[in-house]
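Reading the structure
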Amino acid sequence: MNTLILRTVAPALTALMLLFSVFVLLRGHNEPGGGFIGGLIAASALAIYGIAFGVGAVRRALRFHPMAIAGAGLFLATLSGLLSILFGVPFMTGLWVYPRILGLEVPLATVISFDLGVYLVVLGSIVSIALALEQDSETEIPDAEVAQAPPLEQVPLRGKRRRRDRQPRETR
Amino acid sequence: MAASASPAVDLSAALVLTPPPLGDWLVVLPVVLMIGTGALLMMVRKSVRLHGAIAIAALVMLVVLDAALLWRVSLHGPVTMVMGRWLPPYGIAFTADLFGAAMALAAAIAALAAGLFSLADIDAAGRRYGFYPFLMLLMAGVSGAFLTGDIFNLYVWFEVLLISSFGLLILGSEPRQIEGALKYALLNLIATTLFLIAVGILYAIFGTLNMADIATKARLAPPDAPLTTLTALFVLAFAMKAAAFPVNFWLPASYHTPRIVVSALFGGLLTKVGIYALIRVTIMLLPVEREALSFVIAVSAALTMLLGALGALAQMDTRRLIGYVVIAGIGNMMAGVAVGTPAAVGGAVLYALHSVITMTALYLMAGEAARIGGSWSLASLGGLYRRSPGFAAISFLLMLAAAGLPPLSGLWPKVALLKAALDIGAWWLAAAILVSAFLLTLALARVFLLAYWRPQPTPAVEQPCPTDWRITLPLAGLAVVTLVFGVFPEPVLRLSQAAADSLADPQAYINSVFPGGRVP
Amino acid sequence: MEALFAVLVGFFFAAAIYLMLSRHTVRILLGVALLGNGVNLLLFTTGRLVREVPPIIVAGQETLGTGAANPLPQALILTAIVISFSFFAFLLVLTYRAYQELGTDNSDRMRLSEPSDEPLPPMGY
């Protein structure tokens, strides 16, 4: 899949999709969109990058492990719900502030930080699954070996189990 | 969009406007604590040395929070908190009554014991893989299932605990673990899908998902509503989760494959979540329809406990044997649901509390026996009494508890269930309980005889096996819990009876969710 | 309209159960995925089917207009889709790994953890 065309287009496409995912995330407050769909878009962007340049490139570009990103998102979402304990309202109540930034009133809420947490959880977990699958197909066995492999039904039940030598993986 | 721009609406009909008392936060804090700690552990995934300490600290806090919640519920009645200020039935409610709070506390104690044991059992590779984050998320799912007051939310917590149990099950990625996980995952997924189907039909009938609201409406439902079908679907889904006959075969196929700590958590907690949901739905929400199905449930219960006990007699592997002991216990709890009188439900609740503690302890015991004796097989284990008399004494106590012999905690729920079954004239159910207990005693006595009492079959070199406090402490702690409840059963008996009474007559529960009465 | 959807849901369930009765894990997996979609359709049907009025409160109004769709089943379906999507992804990887490690996708042959020739425990010593 890593043709010249894909490798040329992939960085621009990834950047565009990541930007769009943030737009969808922020748009989600009052209109269709939100953290979940935004996270999915961002995860697909990184998956495209991975198809073009390999799993290692995505891991380097992310800097953090995908599961750590998901953990940070979950933590942020939990904190945004828990913040309401300080204000005497039930769990997960939206709290608003209206700061004036550059003369514009910008409404900010724990709803947004919760959605950002969802975005990160989805991004992290989907990317980690996608990378695990892409890594599997990268270290696929050569075609000759596939031809020699016995068809599904004829594998002996408990004798020697066929175990392919795969590279040690760093999934999760 | 400032607040002044919106039209003047009377919000008191839709929102909670008074600040909730700080004590009400105890309903959500157990779940929040577990999710937060799990997220934190995922963030610091590199420093595995910290994981154990953070997780144990969080589990200790979980026990404290659940104990405080139980104390508050026993003093003031059910506690409710709604999410995001929206009043029920529109907002999602977390409601803890005596049953839910007591189960949550027992689960937290069992998880703390398993967590301590895991410090010795889970190596650095398992920790890097994410044992502790998965443990935290599993406990979030379990606590959420026990404390939620919304039936769709219950489904969501089922899924949370299911996905973290998948992660725990394949810890190590051995072929036999993957095989066990595949069977477990597919069948449990089908069970939760059945649950979701039932929730969909329930919503179509009642137009609500709040449990208190359902309990009110189900008692006034028109006679042509398909409630018996609905209840049958619920019973099938939860029986599958709880591993009741004839949908129990996934349990002995998978519970012996993961690490022993994981088996202990599953055996202690997961099947009991199924029983909890079964009791909650059939006794509190749909009691009239349960009567129609009581014979089916009773037959399933009797067969579950007999087949569980017979299965335990036929096993060579200690872990598979304990898996069948778990199934036999499920049969006993189902018998309480089948009989359905408050006394019987009290017995089932008591059995569930006892089973959470004892089954966790039994699996941990098998793990320690395998560490000392070097095998899981009854054919090659032996001489454990000579090598470690203290451990043998603890094991003996735990086996007595699991078999239901005095003076341990297993006796009282069986007595309560027997009496309740005889009171309604179901002598054959009572006989099944007795025969199953007798067979279980045989199976467990044989484990003691073969693994502990007889000399080691192949005289190996007697290398001393150092005792480890991280293993001894949780085992001894759980044994002390079951011993104390066996000798001084009064408080727990009263607790479980009160829980059963409030399930049969959920007015206090409904009042807690709708303090001003139900607004139609 | 609801009756038509009920029949459709029935078809989904029938196909899913047929697939799940297979002994090949991939087919079982497809059956589970199909079952999940059937349930989503069921949830959708339970919340009353109406045409072309989205459940959005118009500006200036305080309640939904008459004939608007029921938003709750849609929220339930969204949750269920997310959950079944993540389960499907996990099970897909698990099935693939099981095929790699065990060398078979036939569930009858997956007896590694439950050997069929396990002896009975000793009767005495």
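Residues numbered from 1 in each chain as written. Chains lettered and ligands numbered in written order. Predicted model: local features only at pLDDT ≥ 70, side-chain atom pairs only at ≥ 80, totals over all residues.

Some details on the overall build of chain C
Put simply, the rule reads: Under the DSSP-based scheme used, a helix requires at least four consecutive residues in state H or I and a strand at least two consecutive residues in state E, with every element numbered from the N terminus. The size measure is the radius of gyration over C-alpha atoms, and the globule rule it meets is 2.2 Å times the number of residues to the 0.38 power.
The helix and strand tally for chain C stands at 3 helices and 0 strands. Starting at the N terminus, the α and β elements of chain C follow one another as α-α-α. In summary, chain C has a C-alpha radius of gyration of 22 Å against a globular reference of 14 Å for 125 residues, an excess of more than 25%. Considering only C-alpha atoms, chain C reaches an extent of 85 × 35 × 30 Å along its principal axes.

As for the overall build of chain A
Counted only if it meets this: With C-beta atoms placed from the backbone, a residue counts as buried when 20 or more other C-beta atoms lie within 10 Å of its own, as exposed when 12 or fewer do, and as partly exposed for counts between those limits. By definition, residues are in contact whenever their C-beta atoms, placed on the basis of the backbone, come within 7 Å of each other.
The number of helices and strands found in chain A is 6 helices and 4 strands. Going from N to C terminus, chain A has its helices and strands arranged as α-α-α-α-β-β-β-β-α-α. The buried share of chain A, taken over its 172 residues, is 34%. Considering only intrachain contacts with a sequence separation of at least 6, the fraction spanning at least 24 residues in chain A is 69%.

A few points about helix 3 (residues 98–121) of chain B
The cut-off we apply is this: Multiply 1.5 Å by the residue count of a helix minus one, and that product is the helix's expected span.
The first and last C-alpha atoms of helix 3 of chain B sit 34 Å apart over 24 residues, in line with the 34 Å expected at 1.5 Å per residue. Extensive coverage of helix 3 of chain B is indicated by the burial of 23 of its 24 residues.

Describing helix 17 (residues 411–423) of chain B
Side chains three or four residues apart in an α-helix point the same way, a direct result of the helix having 3.6 residues per turn. Residue and element names in this part refer to chain B. The terminal C-alpha atoms of helix 17, which comprises 13 residues, lie 18 Å apart, in line with the 18 Å expected from a rise of 1.5 Å per residue. Taken together, the buried positions of helix 17 are occupied by Leu411, Trp412, Pro413, Lys414, Ala416, Leu417, Leu418, Ala420 and Ala421. Along its buried surface, helix 17 packs onto helix 13 (318–339), helix 14 (342–373), helix 18 (427–453), helix 19 (469–487) and helix 20 (490–504). After helix 17 finishes, the residue Gly425 shows a positive phi value of roughly 85 degrees.

Quick notes on the interface of chain B and chain C
Listed as interface residues are 35 residues of chain B and, on the opposing side, 34 residues of chain C. For the side of chain B that touches chain C, the elements supplying multiple residues, two or more each, are helix 6 (151–169), helix 7 (175–206) and helix 18 of chain B. A per-element tally of the side of chain B that touches chain C places helix 7 of chain B first, with 18 residues.

As for the UniProt feature "transmembrane region" (unreviewed entry) in chain C
Heads up, the condition is: UniProt positions are given in the numbering used here, feature names are shortened, and annotations may be inferred rather than shown by experiment.
As annotated in UniProt, the feature "transmembrane region" (unreviewed entry) corresponds to residues 6–21, 28–45 and 75–99 of chain C in the numbering used here. Spanning residues 28–45 of chain C, this segment combines 100% helix with 0% strand, and its end C-alpha atoms are found 25 Å apart.

Quick word on the nonpolar core
Residues and elements named next belong to chain B. The condition that has to hold: By definition, a nonpolar core groups buried Ala, Val, Leu, Ile, Met, Phe, Trp, Tyr and Cys residues that are joined through C-beta atoms within 7 Å.
Among the nonpolar cores identified, the biggest contains 284 residues, and Ala102, Ala107 and Leu440 are the most heavily contacted of them. Here the element with the most residues in this core is helix 7; it accounts for 20 residues. Those residues within four positions of Leu440 in sequence are excluded, and the remaining contacts are Ala309, Ala312, Val325, Ala328, Ala402 and Ala403.

Quick look at the UniProt feature "transmembrane region" (unreviewed entry) in chain A
All names here are of chain A. The positions UniProt marks with the feature "transmembrane region" (unreviewed entry) are residues 12–29, 35–55, 67–91 and 111–133. Note that residues 12–29 is 89% helix and 0% strand, and that its end C-alpha atoms are spaced 27 Å apart. The span residues 35–55 is 95% helix and 0% strand, and its two end C-alpha atoms sit 24 Å from each other.

Describing unusual backbone geometry
Residues and elements named next belong to chain B. The linkage connecting Phe245 with the following residue, Pro246, adopts the cis geometry, with an omega of 0 degrees. Mapped onto the secondary structure, Pro246 falls in the loop between helix 9 (227–242) and helix 10 (250–254). Not every positive phi belongs to a glycine, and Ala243 is a case in point at roughly 65 degrees. Here Ala243 shows up in the loop between helix 9 and helix 10. When the 29 C-beta atoms within 10 Å are taken as the criterion, Ala243 is described as buried.

Side note on the environment of Ser47 of chain B
Structurally, the position occupied by Ser47 of chain B is in the loop between helix 1 (29–43) and helix 2 (48–76). C-alpha of Ser47 of chain B to C-alpha of Arg128 of chain B: the two residues are 81 residues apart in sequence and 8.4 Å apart in space.

Concerning the confidence of the model for chain C
All names here are of chain C. Stated formally: How sure the predictor is of each residue is captured by pLDDT, a score from 0 to 100.
Per-residue confidence for chain C averages 86 on the pLDDT scale, and 100% of its residues sit at or above 70. Mean pLDDT in chain C bottoms out at helix 3 (residues 71–102), which sits at 88, and peaks at helix 1 (residues 2–20), which reaches 93. Here the predicted complex carries an ipTM of 0.93, next to a pTM of 0.90.

Considering the UniProt feature "domain: Na+/H+ antiporter MnhB subunit-related protein" (unreviewed entry) in chain A
Residues given the UniProt feature "domain: Na+/H+ antiporter MnhB subunit-related protein" (unreviewed entry) here are residues 5–127 of chain A. Secondary structure across residues 5–127 of chain A divides into 69% helix and 7% strand, with the first and last C-alpha atoms of the span separated by 23 Å.

Details of the pairing of strand 2 (residues 93–96) of chain B
Residue and element names in this part refer to chain B. Note the threshold: Strands were regarded as paired on the criterion that DSSP finds at least two bridges between them.
Where burial is concerned, the two faces of strand 2 agree: the one with Ala93 and Thr95 and the one with Phe94 and Ala96 are both buried. Judged from the 4 bridges that link them, strand 1 (residues 79–82) and strand 2 form a sheet pairing that is antiparallel. Pairing of Val79 across the sheet is with Ala96, part of strand 2.

Focus: the packing of helix 2 of chain B against helix 5 (residues 131–147) of chain B
Residue and element names in this part refer to chain B. This is how the line gets drawn: Helix axes use the C-alpha atoms of the stretch in contact, all axes being lines fitted to C-alpha atoms, and the angles between their N-to-C directions lie in the range 0 to 180 degrees. Note on angle classes: values under 35 degrees are labelled roughly parallel, values over 145 roughly antiparallel, values of 65 to 115 roughly perpendicular, and the remainder oblique. Less than a right angle of anticlockwise turn of the near helix away from the far helix marks a crossing as left-handed, whereas a clockwise turn marks it as right-handed. As a working rule, the residues Ala, Val, Leu, Ile, Met, Phe, Trp, Tyr, Cys and Pro are called nonpolar, Asp, Glu, Lys and Arg charged, and the rest polar, with Gly in that last group.
The interhelical angle for the contact between helix 2 and helix 5, taken along N-to-C directions, is 15 degrees, at an axis separation of 10 Å. One way to sum up the angle between helix 2 and helix 5 is to call them roughly parallel. Crossing angle aside, the handedness with which helix 2 passes helix 5 is left-handed. Across from His51, Gly52, Ala55, Ala58 and Leu62 in helix 2, the residues of helix 5 making contact are Tyr132, Leu135, Met136 and Met139. Its residues placed into classes, the contact of helix 2 with helix 5 shows 7 nonpolar, 2 polar and no charged.

What to know about the packing of helix 11 (residues 260–285) of chain B against helix 13 of chain B
All names here are of chain B. Here helix 11 crosses helix 13 at 15 degrees, and the two axes come no closer than 11 Å. Our classification of the angle between helix 11 and helix 13 gives roughly parallel. In this structure, helix 11 meets helix 13 at a crossing whose hand is right-handed. Each of Ser263, Gly267, Thr271, Ile275, Leu278, Ile279, Thr282 and Ile283 in helix 11 lies in contact with helix 13, whose residues at this interface are Arg319, Ile322, Gly323, Val326, Ile330, Met333 and Val337. Among the residues making up the contact of helix 11 with helix 13, the classes are represented as 9 nonpolar, 5 polar and 1 charged.

Overview of the confidence of the model for chain A
Residue and element names in this part refer to chain A. In the predicted model, chain A carries a mean pLDDT of 79, and the fraction of residues at 70 or more is 78%. The secondary-structure element of chain A with the lowest mean pLDDT is helix 6 (residues 143–148), recorded at 42, while helix 1 (residues 4–27) shows the highest, at 93. pLDDT under 50 marks residues 141–172. Its contacts with residues more than four places away, or in other chains, come to 28 contacts.

Re the environment of Ala80 of chain C
Here Ala80 of chain C is to be found in helix 3. Spatially, the C-alpha atom of Ala80 of chain C lies 27 Å from that of Asp105 of chain C, the residues being 25 residues apart in sequence. When sequence neighbours within four positions are dropped, the list of residues in contact with Ala80 of chain C reads Leu196 of chain B together with Val39, Asn40 and Leu43 of chain C.

Digging into the environment of Tyr385 of chain B
All names here are of chain B. Looking at where Tyr385 falls in the secondary structure, it is placed in helix 15 (residues 384–387). For Tyr385, a count of 18 C-beta atoms within 10 Å corresponds to the partly exposed category. Residues Tyr385 and Ser395, 10 residues apart in the sequence, show an inter-C-alpha distance of 9.8 Å. Discounting residues that sit within four places of it in the chain, Tyr385 has contacts with Ala392, Tyr452 and Trp453.

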